[in-house]
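Residues per chain, in single letters:
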Number of protein chains: 2
Amino acid sequence: MTIAVPSALTTSRRQVEPALRAAVGELDEHTRLVCEYHFGWVHADGSPDGRTGKALRPALVLLAAAAAVDDAPAPFREAAAVELVHNFSLLHDDLMDDDTSRRHRPTAWTVFGRPAALLAGDALLALGTSVLVDPPAPHAADAVRMLGSATGRLIVGQAADLDFERRHDVGLGECLRMVEGKTAALLGCACGLGALAAGADPAVVSRLRTFGEELGMAFQLVDDLLGLWGDPATTGKPVLSDVRARKKTAPVVHALTSGTAAGERLHRLYQDPEQLVGDRAELAADLVRQAGSKEWAENECERRLTAALAQLPTGGRTGPAVDALTELAEFIVRRQW
Amino acid sequence: MTIAVPSALTTSRRQVEPALRAAVGELDEHTRLVCEYHFGWVHADGSPDGRTGKALRPALVLLAAAAAVDDAPAPFREAAAVELVHNFSLLHDDLMDDDTSRRHRPTAWTVFGRPAALLAGDALLALGTSVLVDPPAPHAADAVRMLGSATGRLIVGQAADLDFERRHDVGLGECLRMVEGKTAALLGCACGLGALAAGADPAVVSRLRTFGEELGMAFQLVDDLLGLWGDPATTGKPVLSDVRARKKTAPVVHALTSGTAAGERLHRLYQDPEQLVGDRAELAADLVRQAGSKEWAENECERRLTAALAQLPTGGRTGPAVDALTELAEFIVRRQW
C-alpha cells in the first residue's frame, strides 16, 4: 500500500529551506560543505544534488503555529532551529554508532573524515540556538530554553542508547524513556516551539508539545519496525542494521523481556559474540515477531497516535491546520520509510 | 622567575564552581562522570580528585562585571556558561587532534572512549546556553547571542586549525585570524558577557570585549611559546607536541613565512613525511628561534597586552576590579604554564 505524502511536508520543506541554507551559509567554507552534503543539497565535491530530507520537524513547527493561533506569522526560524538541532544529532550519532550509510548515501564522516563531521555537528548545534535569538524576538529566551531542554533530553537519550549496547538487562521502561529522550523530546519541542512563536497560551503550547511527544514515540516505534521488516530500498538503511549492531530498540527489548521461548532464544543470540548477520539476523527478527513484539509495537504505535490526536483540536479550535496535523500524524505512523 | 597567581583566579574558581557543578549535575550519570573527570573533580572511577583548572574565563567574567558597574551582582551563571563552552571545545578538540594528555592526565576519550567524550562535549555546549536562560534573566537573549557568536567563531577557528595541518602554504594573516576565532573570541565574550550581565552601557561592553580579545591573542601566543620552550612538567602537555603534530601555530607560521634560511629549513622539515620527534623536533623549535619568530611572538604578546590594557579603565572608572583585571592580564602574559 502506497500512502500519499502530505502536502504539508513538501510545502514546509520548501518554505524553511531558505532559512536553513542561510544559517548554514554563515559557516566557514569547509564546515559548510560538510553540512550541505549531510543535508543532501550537494555532492561531496560541492556540486548541487537534488536530494531533500523528510523535513518532518519543520512541518510540525509550522503546522503547530497555525493550529495554535489564527493568522500567526509562520515561524520559519524556529522551524530551522529544530531542523538544525536534529541534524546535529544525526551527524554525531553516525560518528558514535560508526554508521556508514544514511539517506541512501555514505555518511558525512566516511566522506570528510571524523574531525570534520564532528565539527559540522557542533556548528549545527550552535546555529540552532543562534537562529532563535538573532535578530531579537520577544519570545527568544523562552524558545532557547525549550530547545535547550529538548537538546539535553536528546543527549541523555543517546547516552542511554550507547549504554544499552553494552548491557544485556535493559528493561522496557528504561528503553521507552530512552526513546522519549532520543526522539520524542525534539518532536514535542517542534510543536511547542511553533505554538510559542505564534504567541499561544501556555496551556495550548503544552497540549501541542504533548501531541508532538506522543507522535514522537509512535514515530520511533515505526522506525524500529521498519528497521526489522522494512524494505532497505525505501528506508535507505542497510538491511537489519539495528539487529547487526545489537541495538536494544523497543520491539527487541519487549521480546527480550517477554518471558517467551522466542524471547529466550533471542537473548542467547544477542549475547553470542558471533556476528549477527545473514540468516542469524533474519532469525533474530523472526524471534521478535514470534515473541509477539511486532504486534505489541504496532498496537503501541496506534495507542500513541490516538493519545497524540486526543490533544487536538487545541482549545476547541478546528480548521485546515488541525486537519493537516492529523493527516501528518497518520501518515507518520503508516509510512513505509 | 615564579609569579604569584592572582587571587582573582582562585577566588572566582571557588565562586563559580557551585554553578558549574550544578549544571553538570543535571546530566545523566554516565555523561556526568565523563564531564566531572574532564573538569578534574573526580578520578575515572568517580572518586573525588582535588584537581582544578585555571578558571581564567570565569575570572574574566566576574572581574569585567565588577569593572563595568559598581556593586553589580556577580554574574556566576554567565561565568559558568563561558567555562562550559570552553570545556566543550577542549573535549572535542582532544578528539579531533587525537590528543592523549591534558592537564597532566589522560584525556577523557582515552579513558571513556570516543562516543562518550563526544557526547559529553555536546552536553557541555548545550548546558552553556541553557544556564543563560534558566531561570529567566532580562539580558538572557543578548547573552545567548553573544555566546553563540563566540561559539561560532570558535568552531571556524578550529576548522581553520584542522585545515592548516594539511596545508604547507599558511599565511601569517590567516593564522592570526584562526587564533582570533579559536582563542580570542571566547575570552572577549567572557569580558563582554560579564559587562552585559552587570547592565553596562553598550560602549563599555564593547571596550571590555576588545580588552578580552586582545588579551586572548596574547594568551594564545604565550601558549604557543610555552608549547615550544615551556617545561612539560609545568605546562602539562607532552614535550613539543605542537611540533610533533606539525601544528601551524603563529610562531611557526611566522618562521615559515620569514624568508630566512632558518625558515626555509623549517619548511623542509615540516614537509618531510618522516616523524617529527626527538632531535628533529628540537631542531624545528630552534629554527623557529633562529628565524626571529620567538622574539616576534614575544613582542607581539607585549603589543597585544598593551592594546588590551588601553581599553581600561572603562569609562574613566578605576578601582580594585580594574586593578585586578590588569594584574590578571599581566599574569597571563608572564605565566610559565
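For the structure itself, look to the data block above.
Residues numbered from 1 in each chain as written. Chains lettered and ligands numbered in written order. Predicted model: local features only at pLDDT ≥ 70, side-chain atom pairs only at ≥ 80, totals over all residues. Heavy atoms only, no water.

**Student:** Looking at this structure, how should I read the packing of helix 6 (residues 114–133) of chain A against helix 4 (residues 76–97) of chain B?
**Tutor:** When two helices pack together, their arrangement is given by the angle between the helix axes and by the axis-to-axis distance. For the pair helix 6 of chain A and helix 4 of chain B, interaxial distance at closest approach is 9 Å and the crossing angle is 160 degrees. Comparing the axis directions of helix 6 of chain A and helix 4 of chain B gives the class roughly antiparallel. Like other packed secondary-structure pairs, helix 6 of chain A and helix 4 of chain B cross with a definite hand, here right-handed. Between helix 6 of chain A and helix 4 of chain B, the contacting residues are Pro115, Leu118, Leu119 and Asp122 of chain A on the first element and Phe88, His92, Leu95 and Met96 of chain B on the second. For the contact of helix 6 of chain A with helix 4 of chain B, the class distribution of residues is six nonpolar, one polar and one charged. (Axes fitted to C-alpha atoms, helices over the stretch in contact; angles between N-to-C directions. Helix = DSSP H or I, 4+ residues; strand = E, 2+ residues; numbered from the N terminus. Parallel < 35°, antiparallel > 145°, perpendicular 65-115°, else oblique. Left-handed = near helix turned anticlockwise from the far one by under 90°. Contact = heavy atoms within 4.5 Å. Nonpolar A, V, L, I, M, F, W, Y, C, P; charged D, E, K, R; others polar.)

**Student:** Please explain the interface of chain B and chain A as it appears in this structure.
**Tutor:** Between chain B and chain A, the residue contacts involve 31 residues of the former and 31 residues of the latter. Viewed at the interface, chain A and chain B are joined by zero salt bridges. The tally of links between chain B and chain A comes to four residue pairs in polar contact (both at pLDDT 80 or more). Residue assignment for the side of chain B that touches chain A shows that the elements contributing at least two residues are helix 2 (29–39), helix 4, helix 6 (114–133) and helix 7 (140–166) of chain B. Here the element with the most residues in the side of chain B that touches chain A is helix 7 of chain B; it accounts for 12 residues. Considered class by class, the residues forming the side of chain B that touches chain A number 18 nonpolar, eight polar and five charged. (Salt bridge = Lys/Arg side-chain N within 4 Å of Asp/Glu carboxyl O. Polar contact = N/O pair within 3.5 Å; in protein donor to acceptor, adjacent residues only side chain to side chain.)

**Student:** Hey, could you run me through the environment of Gly199 of chain B in this one?
**Tutor:** Positionally, Gly199 of chain B belongs in the loop between helix 8 (172–197) and helix 9 (202–229). Distance in space between the C-alpha atoms of Gly199 of chain B and Val288 of chain B is 45 Å, their sequence separation being 89 residues.

**Student:** Would you mind showing me how to read the pattern of salt bridges here?
**Tutor:** Residue and element names in this part refer to chain B. Applying the stated criterion across every chain yields a total of 48 salt bridges over all chains. Where Arg304 meets Glu214, a salt bridge forms, and the shortest distance between an N and an O atom there is 3.0 Å. Note that Arg304 is positioned in helix 15 (residues 293–309) and Glu214 in helix 9, a separation of 90 residues in sequence. Between Glu274 and Arg280 there is a salt bridge, with its nearest N and O atoms 3.9 Å apart. The exposure class assigned to Glu274 is partly exposed, which follows from its relative accessible area of 47%. (Buried < 20%, exposed > 50% of the residue type's maximum accessible area, 1.4 Å probe, protein only.)

**Student:** What am I meant to see in the relation of the copies chain B and chain A here?
**Tutor:** For these two chain copies, the linking operation is a rotation about an axis paired with a shift along it. Each copy of the sequence occupies a distinct position, and chain B is placed on chain A by a rotation of 180 degrees and an axial shift of 0.0 Å, giving an RMSD of 0.0 Å. Considering both components of the superposition, the chain copies are consistent with a two-fold axis. In terms of proximity to the rotation axis, the leading residue of chain B is Ala141 of chain B, whose C-alpha is 2.6 Å off the axis. Of the interface residues in chain B, 100% have counterparts in chain A that sit at the interface too, so the contact is made through matching surfaces. (Least-squares fit on C-alpha atoms with pLDDT ≥ 70 in both.)

**Student:** How should the state of the cysteines be read in this particular structure?
**Tutor:** In protein chemistry, a disulfide is the covalent bond that joins the sulfur atoms of two cysteines. Residues and elements named next belong to chain A. Applying the stated criterion across every chain, the model contains zero disulfides over all chains. Note on Cys35: no disulfide assigned, nearest cysteine sulfur contributed by Cys189 at a separation of 20 Å. Overall, Cys35 belongs to the buried group, its relative accessible area being 0%. (Disulfide = S-S within 2.5 Å.)

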